[in-house]
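Okay, here's what each chain looks like letter by letter:
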Amino acid sequence: MKINFILNGKETHIDSAPLKSLLTIIREDFGLTGTKYGCAHGECNSCLVFVNDMLVNSCLIPAFRLAGTRVTTIEGFSQSKEFQTIEKAFLKINIIGCGFCTPSLILATEALLSNKPHPTREEIIESLSSFFCLCSGYHQVVDAIQYITELRSKKKSEKKS
Amino acid sequence: MALQEEMIQTLKGHSKFASDIKIKNCYYGHIITSPIHKGTFSIKKVPELPHGYYFITSKDIPGINKLSLYLDNMPFLAEKEIHFEGEPLCLICGPLKEELERLAGQIHIEYQEETPCLSINEASEINILQKEYIHKGDVAQTFMKCAKIIENEYKTNFEEYQFIEPQTAIAYWENKKLTVYCTTKNLFYTRNNIAEFLNISKNHANVIVPDFVQDQGEKQILPTLIASYAALLSYVAKKPVTISYNNTVKRYPSIIRHKTALDENHLPIGAKIEFYIDAGAFNIAYPNIFKRALFSLCGAYELDNLEINAYYIRTNKIPFTRFLNTGPLEAFFAIELHTSNIARICELDPYTLKNSLLQRTPKKNNEKINSTESIREILTDVIKRADFLRKYAAYEAFLKRKKQPDEFNLPMRGIGISLCFFGFDFLDELLKTTKYSIKLSLHKNNNLTIYTSAVESDQSLKQLFATIASRLLGLNAAKISFVSQNTQNAPDSGPLTETRVITHIGKLLEQGCYSILAKKKKGIFPITIKKASSISSTQDTKVKIYDSTYCDSLTWCAAVIEIEIEPVTLEIICKNFWLTIEAGTILEPEKIRIQVEKEILSGIRSVSFKQAFKDHKYTPKQNLPLISLNFLEKPYKHGPLGAKGIGELPSLCVAPAYVAAVSQAIGINITKFPLVPENIEEYLAKNED
């Protein structure tokens, strides 16, 4: 099956079995291994990507659903302006554990902040509650996300002035 | 690559785990495992294999079919006898994954099943892998003359957590030399076993751990097995081969029976302890679960009259990928909860009882006992900060008085305390007899490279080593780089267990830095220093197995946990968690806080989830306590810059304090975990009856 879609801002096309998962396509056809193969059935959230600006488990998206969509992986998102504040915060607060779920955590952070630019601590914890992470505690992740909101507010007010 | 750069690459998704590594024309390997727990098997029929597909049994192994373990040996591939469900029997490899699975389904294996032993309760004499009898004082006389006896049986649950990262190995041969990528935490152990398995020289095998490896449980045996299979299949197929194998981290149930004799003042004067812990089908080499458990059975307490009967039971269960705190967790759960239960029964507060049991006898010649002073200090500190005595008394009083009608809808409250220690490497025979090393190289531009095979699954050890080196040598920590994940380039620094690596290898690092400083004056670069030692040269190993208080090398933690139980839903909510830790000098307090929090969450998950499999996520809101952490800093002379490793210590403190708090809240002495609302409902219903 021939499928045309946009991957990390570039128009692309593949010839794929219709049920091949987006996760496998990203990793094997395009060599983008930032999206991790974890449980492969939508539980662990290691395989998150944006499809049409919506955060999804790529292991649950079959190829036939990709036609005409915009897919953004961590590799693509890391080129964006929004990534810079996340990178700064994660390095400052130093919450990188083994790094397996970090790419997905970054995309989930962006998804949260896109919908709620100033989430409360409870809202942050709620949004992360489906994450499968054994390396880090939660306080630091919450601190990092709150720091990102401060950075973004500061940038916004600097732009206005 | 410098540390900072590694972290940035991780954030951008560029870090490679084993499952991310792609090699051209790579074949896939598939492991066929036993569906039965115990018995024998014979391979009756193998389908005709297409070109490029290979089938391997134990008969095809060129070297020794035995994975070396401490006091035990396990076959790489079963020969005839099956010891546990999931035991690898044979291998198949080829170019297409789907075809492999189809072919594997066509292999006809006949099984003769035997009755397995699947739990400690089912075990008999022949299942005893190790046993230990320890006797001190006159226990029989003590129990005859005592005023009261309190006994209980404590049980720890089965736990199972999913690895997210699949266990993957990739092997290929080039010019008769083997390269294997895998997720081992002990590079040289894996390399040496592969070499024996394949009957090749160790110098012809290079084991590499990728940039990052997910940190979960013991990761020495299973990665070594998978790496060996990949290597053998690659040898036979003459192609690179990759194998992925999904497994879980496990804790098997244990039973600990405490029987304590009390005097007229309700103080313990003697004890009998029976301890049963499940080894699985084989005794994995490291960590040495049984010895560490033995050492922890009496906790921090001294009793003049003591009898311990401890059994390490072989069952027909999968032996590898165990929690790293297995052994001490079970032992501390029992002793800490038992002393708390004794206090409640005798209407004492647990702090007073535990404090009275700490070592009373000074050393000979009035030698200062640093460990005991530290223990009392951390206990006193945590009690004070948690306002433990007042709350304990208040909750006891509330529990005992007759409730007014409007009080039945109030949450039930409880507060519990525990005291634990960690850092058992001096008990491990292998570490005492083997020299481990580290290498440092300083260049003229002040770039330092640290060579060590103590590979790590996250950045924390690298960052700590960089902190130590930067402080001693006046360098920028972010510019320090590591050569760590390759048996060809890194020296053998031994197994990756955090406390040992921090204390022992960290000390070698410190010594290396001082040597560099001495040589720097000469102005000749690069300066390369290698430091090596075995563990016995830096640790006091002359300790009695049941008496921990002489060990300054241990890291100590006193913890208090306060809980509430919702009156309608019976959900247990952790409100507050206080800890005071003595771990030598604290070099990176903020990073240790992250680690402590992670360990506490791990402990809470263990104690409060009915089935941890698939539930092991960021803890739901109600289980996130406010954590208050304090350090008691006492420089440890054998640690780098006075530091000691903390490891899984905080997780050990959770279960006994948590269960003690719940016991107080509902007024029933609970002796096992997990604790979920259904359990609370059962306990309350029984109490009413």
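All of these numbers come straight from a predicted model, not from anything done at the bench. (Residues numbered from 1 in each chain as written. Chains lettered and ligands numbered in written order. Predicted model: local features only at pLDDT ≥ 70, side-chain atom pairs only at ≥ 80, totals over all residues. Heavy atoms only, no water.)

I'm lost on the pattern of salt bridges in this one. Help?
Close approach of charged atoms allows side chains of opposite charge to pair. Residues and elements named next belong to chain B. For the coordinates displayed, the defined rule picks out 28 salt bridges over all chains. Residues Glu125 and Lys131 are paired through a salt bridge, measuring 3.8 Å at the closest nitrogen-oxygen approach. Like Lys131, Glu125 is exposed. Between Glu564 and Arg413 there is a salt bridge, with the nearest N and O atoms lying 3.0 Å from each other. Here the residue Glu564 occupies a position in strand β25 (residues 555–565), and Arg413 occupies one in strand β20 (residues 412–422), the gap between them amounting to 151 residues. Accessibility expressed as a relative area gives 11% for Glu564, which makes it buried. According to the relative accessible area criterion, Arg413 is partly exposed, its value standing at 36%. By sharing partners, the salt bridges in this structure join Glu153, Lys155, Arg257 and Glu274 into a single network. (Salt bridge = Lys/Arg side-chain N within 4 Å of Asp/Glu carboxyl O. Buried < 20%, exposed > 50% of the residue type's maximum accessible area, 1.4 Å probe, protein only. Helix = DSSP H or I, 4+ residues; strand = E, 2+ residues; numbered from the N terminus.)

I'm lost on the packing of aromatic side chains in this one. Help?
For any pair of aromatic rings, geometry is given as the distance between the ring centres together with the angle between the planes. Residue and element names in this part refer to chain B. Under the counting rule described, the total for this entry stands at 19 aromatic pairs over all chains. Seen in terms of ring centroids, Phe295 and Phe421 are 6.0 Å apart; in terms of plane orientation they differ by 80 degrees. Their pairing is edge-to-face. With Phe295 in helix α6 (residues 289–296) and Phe421 in strand β20, this residue pair connects regions lying 126 residues apart in the sequence. The pair formed by Phe295 and Phe421 is uniform in burial state, with each residue classed as buried. (Phe/Tyr/Trp six-rings, centres within 6.5 Å; stacked < 30°, edge-to-face > 60°.)

Teacher, can you tell me more about the domain arrangement of chain A here?
Quite often, the size of an interface is put as the accessible area lost when its parts meet. All names here are of chain A. According to the domain assignment, chain A consists of domain 1 (2–73) and domain 2 (81–156). For domain 1 versus domain 2, the separation of C-alpha centres amounts to 23 Å. The interface is formed by 15 residues belonging to domain 1 together with 10 residues belonging to domain 2. With both sides pooled, the region where domain 1 packs onto domain 2 buries about 940 Å², and carbon together with sulfur makes up 67% of that total. Between the two partners, domain 1 and domain 2, sit zero salt bridges. Put simply, domain 1 and domain 2 have three residue pairs in polar contact (both at pLDDT 80 or more) between them. Examining the composition of the side of domain 1 that touches domain 2, we find that three residues originate from one element, strand β3 (residues 48–51), more than from any other. Per-class residue counts for the side of domain 1 that touches domain 2 are seven nonpolar, six polar and two charged. (Domains from an automatic or database assignment. Contact = heavy atoms within 4.5 Å. Buried area = accessible area lost by both parts, 1.4 Å probe. Polar contact = N/O pair within 3.5 Å; in protein donor to acceptor, adjacent residues only side chain to side chain. Nonpolar A, V, L, I, M, F, W, Y, C, P; charged D, E, K, R; others polar.)

Honestly, helix α13 (residues 498–520) of chain B in this entry has me stumped. Any pointers?
The α-helix advances 3.6 residues per turn, and as a result positions three or four apart in sequence lie on the same side. Helix length check: α13(B), at 23 residues, gives a terminal C-alpha distance of 30 Å against a target of 33 Å (1.5 Å per residue), a fit within 8%. The principal kink in α13(B), of about 30 degrees, is found at B:Gly506. (Expected span 1.5 Å × (residues − 1). Bend = angle between axes of the 7 residues up to and from the residue.)

Please clarify how the packing of α6(B) against helix α7 (residues 328–345) of chain B should be interpreted in this entry.
Helix packing for two helices is described by the angle between their axes and how far apart those axes are. Residues and elements named next belong to chain B. Where α6 meets α7, the closest approach of the two axes is 7 Å, and the angle between their N-to-C directions is 20 degrees. Classed by the angle they form, the pair α6 and α7 counts as roughly parallel. The crossing of α6 and α7 is right-handed. Residue-level inspection shows Arg292, Ala293 and Ser296 of α6 in contact with α7, the latter providing Pro328, Ala331, Phe332 and Ile335. By residue class, the composition of the contact of α6 with α7 is five nonpolar, one polar and one charged. (Axes fitted to C-alpha atoms, helices over the stretch in contact; angles between N-to-C directions. Parallel < 35°, antiparallel > 145°, perpendicular 65-115°, else oblique. Left-handed = near helix turned anticlockwise from the far one by under 90°.)

Explain the domain arrangement of chain B to me, please; I cannot follow it from the model alone.
Residues and elements named next belong to chain B. When the domains of chain B are assigned, the result is domain 1 (3–115 + 165–246), domain 2 (251–426 + 542–688) and domain 3 (435–533). The C-alpha-based centres of domain 1 and domain 3 are spaced at 32 Å. Taken together, the 22 residues of domain 1 in the interface contact 22 residues of domain 3. Roughly 1800 Å² is buried in total at the junction of domain 1 and domain 3, and carbon and sulfur atoms are behind 53% of that figure. Run the count over domain 1 and domain 3 and you get zero salt bridges. Run the count over domain 1 and domain 3 and you get six residue pairs in polar contact (both at pLDDT 80 or more). Mapped onto the side of domain 1 that touches domain 3, the elements with two or more residues apiece are α1 (3–11), α4 (187–198) and β14 (205–208).

Got a minute to help me understand the sheet that holds strand β8 (residues 108–113) of chain B in this structure?
The strands making up a sheet associate through backbone hydrogen bonding, with each pair oriented either parallel or antiparallel. All names here are of chain B. Sheet architecture is open: three strands sit in the order β6-β2-β8, paired in antiparallel fashion. Of all strands in the sheet, those with a lone pairing partner are β6 (81–82) and β8, marking the two edges. Note that strand β2 (residues 39–45) and β6 share two bridges and pair antiparallel. Its bridge partner lying in β6, Thr40 is registered against Glu81. (Pairing = 2+ DSSP bridges.)

Looking at this model, I keep getting lost on the sheet that holds strand β21 (residues 436–442) of chain B. Mind explaining?
All names here are of chain B. Across the sheet, four strands lie side by side as β23-β22-β21-β24; this open sheet has mixed pairing. Looking along the sheet, the strands with just one partner apiece sit at the ends: β23 (481–483) and β24 (527–533). Ignoring strand direction, the axes of neighbouring strands in this sheet form an average angle of 20 degrees. In the sheet, strand β22 (residues 448–451) pairs with β23 via three bridges, with the strands oriented parallel. Within β23, the position partnered with Ile450 by the bridge is Phe482. Strand contacts of helix α12 (residues 460–473): β21, β22 and β23, with the helix running at about 135 degrees to β22, the strand carrying the most contacts.

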